[in-house]
Amino acid sequence: MSRAEAPGSAQDTGTEPRGAGPVGAGAGGAVVRRTARPLGSLGLLRNEIGTTFRRWRTLVLLAVLAAVPVLIGIAVKIETSGDGGPGGGSGGAAFVSQITNNGLFLVFTALAVTLPVFLPLAVGVVAGDSVAGEAHTGTLRYLLVAPAGRTRLLLVKYAATLTFCLVATLVVAASALVTGALLFPVGEVTLLSGTTVPFGEGLLRALAVAAVVALSLVGVAAIGLFVSTLTNSGIAAMAATVGLLIMVQILDTIPQLHAIQPYLFPHHWLSFADVLRDPVYWDRLQQNLGLQALYAAAFGSAAWARFTTRDITV
């Protein structure tokens, strides 16, 4: 969709002034209402996704995420090169101890490392800038010209952010898979429950883990979108989203707050490990996905209420 300037008010009324655009006025000078077309929505979404992934900031974030598994793999390789086993009683996580036996476990390790910090921070930056960044550059009011509509534009912004969640997660997983295959042997996968499965099934479980991790970021994306509707400063929105994320992560580690911790959006993030059991443990996975859906509904509704009543003047 073109982001060229259009005449008229910045308020989104769903109508156009007389003579504006290809529809124009009806008999007697009445304003003609234009209806949004599904193909127009797809075009707007494609444009938004393209704009998001063409930004240097987005590319840098993806590059940093891709570098994390490489650094982990090199570190484990150096540490284990002397004795051929996982670093002399270092007491690392279960995933790390398995990397030298099977490079596929570098995927699980990289996702476990990036999920608490790197992935949500990257999503917070993209989500926080989604609306506020447009307002800061002065392009938001032109995106609201009919028939775009505020609700449709907000949904497109959220869909683009969710696309980034998926792409960022897959970048981490793909980088870890390639690095693990280059530095360590690959083969049959021993699950956390002790069951051994073929490499193909292990690869499918790795893909399922990546999907769960991406879905775990749905709540962060909705929070960032809501914060982005509160200000015209993209930097302020990104900083507020990241600050809120850090604060909630700290609250989730304080033992005295155990009563509220199950309701904090990052509390069940590491439940993706239950995909690596036979049979799969569904309880924590369902709690995690249900909690993310609740945050998405609550903060998505708040973002819609704010955005549809906001006075866009820049």
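In this text the structure is predicted, and so the values were computed from the model without any measurement.

(A) Fine view of the overall build of the protein. A count of helices and strands for the protein gives eleven helices and two strands. Its helices and strands taken in sequence order, the protein reads α-α-α-α-α-α-α-β-β-α-α-α-α from the N to the C terminus. Pairs at least 24 residues apart make up 76% of the contacts formed inside the protein by residues separated by at least 6 positions. Working note: accessible area of the protein is about 14600 Å², and carbon and sulfur atoms make up 67% of it.

(B) Representation of the nonpolar core. By size, the foremost hydrophobic cluster in this structure holds 67 residues, and its most contacted members are V107, F108, F164, V209 and F265. With ten residues, helix α7 (residues 150-183) is the single largest residue contributor to this core. Setting aside anything within four residues of it in sequence, one finds F164 in contact with F53, T58, L61, L62, A122, V123 and V126.

(C) Here's a closer look at helix α4 (residues 105-114). For α4, a buried count of eight out of ten residues is recorded, marking the element as mostly surrounded by other parts of the structure. Taken residue by residue, α4 has F105, L106, V107, F108, T109, A110, L111 and T114 as its buried positions.

(D) Region of the structure containing the environment of F118. Mapped onto the fold, F118 is located in helix α5 (residues 118-137). Here the alpha-carbon distance between F118 and A168, two residues 50 residues apart in the chain, equals 10.0 Å. Excluding anything up to four places from it in sequence, F118 contacts L65, V68 and V113.

(E) Looking closely at the packing of aromatic side chains. Under the counting rule described, the total for this entry stands at six aromatic pairs. Geometrically, the ring pair formed by Y295 and F299 is stacked, given 5.9 Å between the ring centres and 5° between the ring planes. Residue Y295 and its partner F299 are located together in helix α11 (residues 283-309), separated by four residues, close to a single helical turn. The partly exposed category is assigned to F299, whose relative accessible area is 24%. Taken together, the ring pairs in this structure connect F226, F265, W269, Y295 and F299 into an aromatic cluster. Positioned over the ring face of F307 is R150, at 6.0 Å from the centre of the ring.

(F) How the structure looks around the confidence of the model for the protein. Averaged over all residues, the pLDDT of the protein is 81; the fraction at 70 or higher stands at 77%. Mean pLDDT values over the elements of the protein span from 62, in helix α6 (residues 140-143), up to 94, in helix α8 (residues 199-215). In the model, residues 1-36 has pLDDT below 50 throughout and makes 59 contacts with residues more than four positions away in sequence or in other chains.

(G) Seen up close, the side chain of Q261. Tracing the backbone through its elements, the reader meets Q261 in the loop between α10 (234-251) and α11. Side-chain polar atoms of Q261 contact the backbone oxygen of L251, separated by 3.1 Å. For Q261, the contacting residues outside a window of four places in its chain are L251, D252, T253, I254, P255 and H267.

(H) Fine view of the packing of α4 against α7. For the pair α4 and α7, the least separation of the axes is 8 Å and the interaxial angle reads 140°. On the basis of their axis angle, the class for α4 and α7 is oblique. Considering only the axes of α4 and α7, their crossing is right-handed. Where α4 abuts α7, its residues L106, V107, A110, L111 and T114 lie against T169, V172, A173, A176, L177, T179 and G180. For the contact of α4 with α7, the class distribution of residues is eight nonpolar, four polar and no charged.

(I) Summary view of the pattern of salt bridges. Summed over the entire model, instances satisfying the criterion amount to five salt bridges. Across the salt bridge formed by R205 and E201, the nearest N and O atoms sit 3.2 Å from each other. In this pair, R205 and E201 are both assigned in helix α8, four residues apart and thus about one turn of the helix distant. The exposure class of E201 is partly exposed, given its relative accessible area of 33%. In this structure, D274 and R284 form a salt bridge, with 3.4 Å as the shortest nitrogen-oxygen distance. Here R284 lies in helix α11 and D274 lies in the loop between α10 and α11, a separation of ten residues in the sequence. Linked through salt bridges whose partners overlap, the residues forming this network are D274, R277 and R284.

(J) Quick peek at the side chain of T241. Following the sequence through the fold, T241 ends up in helix α10. Within the structure, T241 has its side chain in polar contact with the backbone oxygen of A237 (distance 2.8 Å).

(K) Highlighting the packing of α7 against helix α9 (residues 218-228). Running from N to C, α7 and α9 cross one another at 140°; their axes reach a closest spacing of 10 Å. Relative to α9, the element α7 is oriented oblique. Read as a crossing pair, α7 and α9 show a hand that is right-handed. Side by side, α7 and α9 meet where L154, K157, Y158, T161, L162 and C165 of the first sit next to V218, A221, A222 and L225 of the second. Broken down by class, the residue content of the contact of α7 with α9 amounts to eight nonpolar, one polar and one charged.

Reading the values: the criteria
- Sequence order as written defines residue numbering, which begins from 1 separately in each chain.
- For a predicted model such as this one, the threshold for reporting local features is a pLDDT of at least 70, and the threshold for listing and counting side-chain atom pairs is 80 or more; totals across whole chains, interfaces and linings nevertheless cover every residue.
- Side-chain metrics in this entry use all non-hydrogen atoms of the structure; hydrogen atoms and water are not considered.
- By the criteria applied, helices consist of DSSP H or I runs no shorter than four residues and strands consist of E runs no shorter than two, each listed in order from the N terminus.
- Two residues qualify as a contact provided that any one of their heavy atoms is within 4.5 Å of a heavy atom in the partner residue.
- We get accessible surface area from the Shrake-Rupley algorithm with a probe of 1.4 Å; when it comes to residues, only the shown protein chains can shield them.
- Residues belong to one nonpolar core when they are buried, are Ala, Val, Leu, Ile, Met, Phe, Trp, Tyr or Cys, and are joined through side-chain atoms within 4.5 Å.
- When a residue's accessible area, from a 1.4 Å probe over protein chains only, is under 20% of the maximum for its type it is buried; when over 50% it is exposed; and in between it is partly exposed.
- Ring geometry is summarised as follows: Phe, Tyr and Trp rings, the Trp one being its six-membered ring, pair when their centres sit within 6.5 Å, and such pairs are stacked at plane angles under 30 degrees, edge-to-face over 60 and tilted between the two.
- Each ring is checked for a lysine NZ or an arginine CZ that lies within 6 Å of its centre and within 35 degrees of its normal; such an atom marks a charge sitting over the ring.
- What pLDDT expresses is the predictor's confidence in each residue, scored from 0 to 100.
- Here a polar contact is recorded for every N or O atom pair within 3.5 Å, except that within protein the pair must consist of a potential hydrogen donor and a potential acceptor, and residues adjacent in sequence are included only if both atoms are side-chain atoms.
- For helices, the fitted axis covers only the stretch in contact; all axes are lines through C-alpha atoms, and the angles between them, taken along N-to-C directions, range from 0 to 180 degrees.
- Roughly parallel here means an angle under 35 degrees, roughly antiparallel means over 145, roughly perpendicular means 65 to 115, and every remaining angle is called oblique.
- Note on convention: near helix rotated counterclockwise from far helix by under a right angle means a left-handed crossing. Clockwise means right-handed.
- Think of it as three bins: nonpolar holds Ala, Val, Leu, Ile, Met, Phe, Trp, Tyr, Cys and Pro, charged holds Asp, Glu, Lys and Arg, and polar takes everything else, Gly as well.
- When a carboxyl oxygen of Asp or Glu is within 4 Å of a side-chain nitrogen of Lys or Arg, the pair counts as a salt bridge.

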